[in-house]
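For reference, the chains in residue letters:
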Amino acid sequence: QVQLVESGGGLVQAGGSLRLSCAASGSIFSVNDMGWYRQAPGLQRELVATITSGGRTNYADSVKGRFTISRDNGENTVYLQMNSLRSEDTAAYYCNAKVAPTYYSRLMTYWGEGTLVTVSS
């Protein structure tokens, strides 16, 4: 089994910063793409940012220039540095990873349980 555990959420004032972390553990042969998604109350889950194993990144337009995704391949960990936070960034943030549990496995998608980010105005 593969587990993704997020940390770093919390309450912050508008204009402030937070750094989210997500560590993948368990039966892992390789980790491909990793990413962050978020879901605000009453809305659908949306992509925030993704990063390939080679470091290529992709961002939602709403966070470009404010958020930075990075990863430590040796630790199977992905980070999301969030700066200049706005009230509309308030949401539950979910980590996502495409993992091959064994050499013979196809890639499977795993999700963390989420960490709450609340931005007060």
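What you see as residue numbers is a count from 1 along each chain, following the sequence as written. Per-residue local features are limited, in this predicted model, to residues with pLDDT of at least 70; the limit for side-chain atom pairs, both in listing and counting, is 80 or more; totals at the level of whole chains, interfaces and linings are taken over all residues. Hydrogens are left out, water is left out, and the side-chain values use all remaining heavy atoms of the structure.

Caption draft 1: Representation of the side chain of Arg38. Tracing the sequence through the fold places Arg38 in strand S4 (residues 30-39). We define a polar contact as two N or O atoms separated by no more than 3.5 Å, with the added condition that, inside protein, one atom must be a possible hydrogen donor and the other a possible acceptor, whereas residues neighbouring each other in sequence contribute only through side-chain atom pairs. Only 2.7 Å separates the side chain of Arg38 from the side chain of Glu46, close enough to count as a polar contact. Only 2.9 Å separates the side chain of Arg38 from the side chain of Asp89, close enough to count as a polar contact. Contacts are assigned to residue pairs with any non-hydrogen atoms lying within 4.5 Å of each other. Beyond its immediate sequence surroundings of up to four residues, Arg38 is in contact with Gln44, Arg45, Glu46, Val48, Ser62, Val63, Phe67, Glu88, Asp89, Ala91, Ala92 and Tyr93. Here a helix means four or more residues in a row that DSSP labels H or I, a strand means two or more in a row labelled E, and each is numbered from the N terminus.

Caption draft 2: Main features of a nonpolar patch on the surface. Taken together, Phe29, Tyr103 and Tyr104 make up a surface patch of nonpolar side chains, about 480 Å² in accessible area. Here Phe29 lies in the loop between strand S3 (18-26) and S4. Surface patches are defined over residues having more than 30% relative accessible area and no salt bridge, joining like charges when they lie within 9 Å and nonpolar side chains (Val, Leu, Ile, Met, Phe, Trp, Tyr) when within 5 Å. Computed by Shrake-Rupley with a 1.4 Å probe, the accessible areas treat only the displayed protein chains as cover when residues are assessed. Take a side-chain nitrogen of Lys or Arg and a carboxyl oxygen of Asp or Glu: if they are within 4 Å of each other, that pair is a salt bridge.

Caption draft 3: Fine view of the packing of aromatic side chains. Between rings of Phe, Tyr and Trp, where Trp is taken as its six-membered ring, a pair exists when centres lie within 6.5 Å; planes separated by under 30 degrees are stacked, by over 60 edge-to-face, and by other angles tilted. Counted under the stated rule, the structure contains 3 aromatic pairs. Aromatic side chains Phe29 and Tyr103 sit 5.5 Å apart centroid to centroid with 90° between the ring planes, which places their arrangement in the edge-to-face category. Highlighted residues: Phe29 in the loop between S3 and S4 and Tyr103 in the loop between strand S9 (91-100) and strand S10 (108-111), separated in sequence by 74 residues. Centroid distance Tyr103 to Tyr104: 5.2 Å. Interplanar angle 90°. Geometry classified as edge-to-face.

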